[in-house]
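Take a look at the letters that make up each chain.
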Amino acid sequence: MSARRRKTVSAIAEGLCAVAVILALLPLAFILFYVVKQGASALNWAFFTSMPKPVGEPGGGMGNAIVGTLILIGLAALFAVPIGCICGIHLAEYRDSRFSSVVRFAADVLNGVPSIVIGIFAYGLAVLPVKRFSAMAGGFALGLLMIPVVVRTTEELVRLVPSGLREGALALGASRSRAVFTVIVPAALPGILTGILVATARVAGETAPLLFTSFNNRFWSTNIAQPIASLTVQVFTYAISPYDDWHRQAWAGAFLLVMIILVLSIVARLAVRRLEQMNRP
Amino acid sequence: MTITIAMPSAPPGTAAVREIESGAAKISVRDFDFFYGSAQVLHGITLDIPDQQVTALIGPSGCGKTTFIRSINRMNDIIPEARAKGTITIDGRDIYAPGTDVVALRRRVGMVFQKSNPFPKSIFDNVAYGLRIGGLTDKRSLREHVEKSLIRAALWDEVKDRLDDSALALSGGQQQRLCIARALAVDPEILLMDEPASALDPTATTKIEELIWELKANYTIVIVTHNMQQAARVSDRTAFFMLGRVVEYSDTKTIFMNPKEKMTEDYVTGRFG
Ligand SMILES: Nc1ncnc2c1ncn2[C@@H]1O[C@H](COP(=O)(O)OP(=O)(O)OP(=O)(O)O)[C@@H](O)[C@H]1O
Ligand SMILES: [Mg+2]
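Residues numbered from 1 in each chain as written. Chains lettered and ligands numbered in written order. Predicted model: local features only at pLDDT ≥ 70, side-chain atom pairs only at ≥ 80, totals over all residues. Heavy atoms only, no water.

Enquirer: Can you tell me about the overall build of chain B, naming the residues and giving the values?
Expert: A count of helices and strands for chain B gives 11 helices and 10 strands. Here the C-alpha radius of gyration of chain B, 19 Å, is about what a compact globule of 273 residues would show, namely 19 Å. Dimensions of chain B, computed from the C-alpha atoms along their principal axes, are close to 55 × 55 × 40 Å. Across chain B, the fraction of contacts at a sequence separation of at least 24, relative to all contacts at a separation of at least 6, is 65%. Here chain B contributes 33 positive and 34 negative side-chain charges, whose respective centroids are spaced 2 Å apart. (Helix = DSSP H or I, 4+ residues; strand = E, 2+ residues; numbered from the N terminus. Rg over C-alpha atoms; globule rule 2.2 N^0.38 Å. Contact = heavy atoms within 4.5 Å. Lys, Arg positive; Asp, Glu negative; His and termini not counted. Charge placed at Lys NZ, Arg CZ, Asp CG, Glu CD.)

Enquirer: Tell me about the sheet that holds strand β9 (residues 237–242) of chain B, and please be specific about residues and values.
Expert: Residues and elements named next belong to chain B. Pairing is mixed in the open sheet, where 6 strands are placed in the order β6-β7-β8-β3-β9-β10. Taken across any chain shown, the strands that pair with only one partner, and hence form the sheet edges, are β6 (109–112) and β10 (245–251). Direction aside, neighbouring strands of the sheet carry axes that sit 15° apart on average. In this structure, β9 lies alongside β10, joined through 6 bridges in antiparallel fashion. Bridge pairing in β10 places F241 opposite V246. (Pairing = 2+ DSSP bridges. Axes fitted to C-alpha atoms, helices over the stretch in contact; angles between N-to-C directions.)

Enquirer: I'd love a proper account of helix α7 (residues 172–185) of chain B, names of residues and values included.
Expert: All names here are of chain B. Along its 14 residues, α7 runs 20 Å from first to last C-alpha, staying within 8% of the 20 Å computed at 1.5 Å per residue. For α7, the tally of buried residues reaches 13 of 14 residues, placing the bulk of the element in the interior. One or two positions beyond α7, positive phi appears at D187, with a value near 55°. (Expected span 1.5 Å × (residues − 1). Buried < 20%, exposed > 50% of the residue type's maximum accessible area, 1.4 Å probe, protein only.)

Enquirer: Account for the coordination of the magnesium ion (ligand 2), naming residues and giving values.
Expert: Residues and elements named next belong to chain B. Ligation of the magnesium ion (ligand 2) by protein atoms is provided by T66 (OG1) and Q114 (OE1), these donors lying 1.8 to 2.3 Å from the ion. With T66 in helix α2 (residues 65–71) and Q114 in the loop between β6 and α4 (123–133), this residue pair connects regions lying 48 residues apart in the sequence. Owing to a relative accessible area of 26%, T66 belongs among the partly exposed residues under this scheme. (Donors = N, O, S within 2.8 Å, 3.2 Å for Na, K, Ca; no water.)

This is the structure in structure tokens:
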């Protein structure tokens, strides 16, 4: 192949890559632009702080839904992170055991279950018995969605830790569990943390599983045993309503959701960088 | 009161007696075989490693030195599919006997790995790791031990102002000395060193060799090296490995000046390998 031809081929390949990147980014840019355009007019201070107004009355905001969403993802993380991390570490440490392959398979299946089905499951388990929608039930449903993601990322990252580190710890008289928790997990921590934040961001945008678990609440509530408002359900409710003002607020809510997910992603990046400063020179 | 111990009736000057005079066997290896899966890499290793001496393991690349040295603290246990046969006894106790406390064994048998493996923690925390595992929590005492170990490993002057920096920011040779300091900190009885000077400059190498000389008074040291001069300088006994067998094991002087086997002579004089 002549040098000329090689250069041409390389230029074409580069061009194709650039086109692919643009195609992938275009929808994202478009969504952001559209959401901002539609929601900006309803975004004001009151939107963040005030409660929804009764039907027909203009104004009001999603203050309770913002707090509600934060509480829900907090509950979900509280439930999913310990379970997910411990399972992930177990899978990485005992990768070939029968039990591990069962857990791994279960995690993959759970990962593929549609979120509405998870919602129904949580409804049957956490709502029906007490006959009340609650933030707890919502957090449980979101947690179930988080677990498989946390499990698999933790497993992957713990596995990636070089075996020399484990050997170094064992050679100094550390037991296996001690080596795992003092050397291997800390070495994998930046990645595990990213996994957790990515999983959190993913469930923050879920609506379906909340519809019949945490339901909705027009009032200020932080009681986790009571129904609670959330941005996603609020956006859904407002979007299908016949009122223009609610439509605008739905767009603003959508904008806020995108922002929350963006902030979570940025926090993830920063946290990783900080931790990596310790891990890598 | 005096107790007279009847010695085995070997005439003075024979090998058996020299062995006892220069330090009793700390580690005894008998018919030791080792397999990775179905591949046998050690064949019937039999040798006695004396207390308070330095034993060097030499031999061409891939002959099983690392495998052997890692068998002495059972570090090979964690390799799936790996299997050992035969016995290795330390102070007369078979370390491969069922029910052996491997964690306790590794506390007594320290190791410096061929590939240096500092933890992604601060320099201080690296050296303090084994001490903390052993239950030492007192800050002052930790500091003293860490400083002492770093001084012995000839690293203190270079790191004393940056003990809280990541160990991974150190150069390759510094990392190697850090791993030596880390192993020394827990004060093992036996120290296994797999090419501890492979990434060191001549000055650091000299310091590590001096350290080995100094440590020998209290420790049993086994060192793998590809550097013949180093083996000749630091060791009392030398074992020449080849294709998973011990070809010759004797006083270092004998191995280098007057080897019995032609292969040993060829290897130490650099005619092959
Ligand atoms: N984890 C492993 N799995 C399978 N085979 C292995 C493993 N480690 C080593 N071996 C094989 O065992 C043999 C001995 O290896 P070993 O590392 O003990 O050699 P060595 O004498 O230390 O070599 P070098 O001087 O290059 O460090 C080699 O043939 C090697 O390929
Ligand atoms: Mg080796």
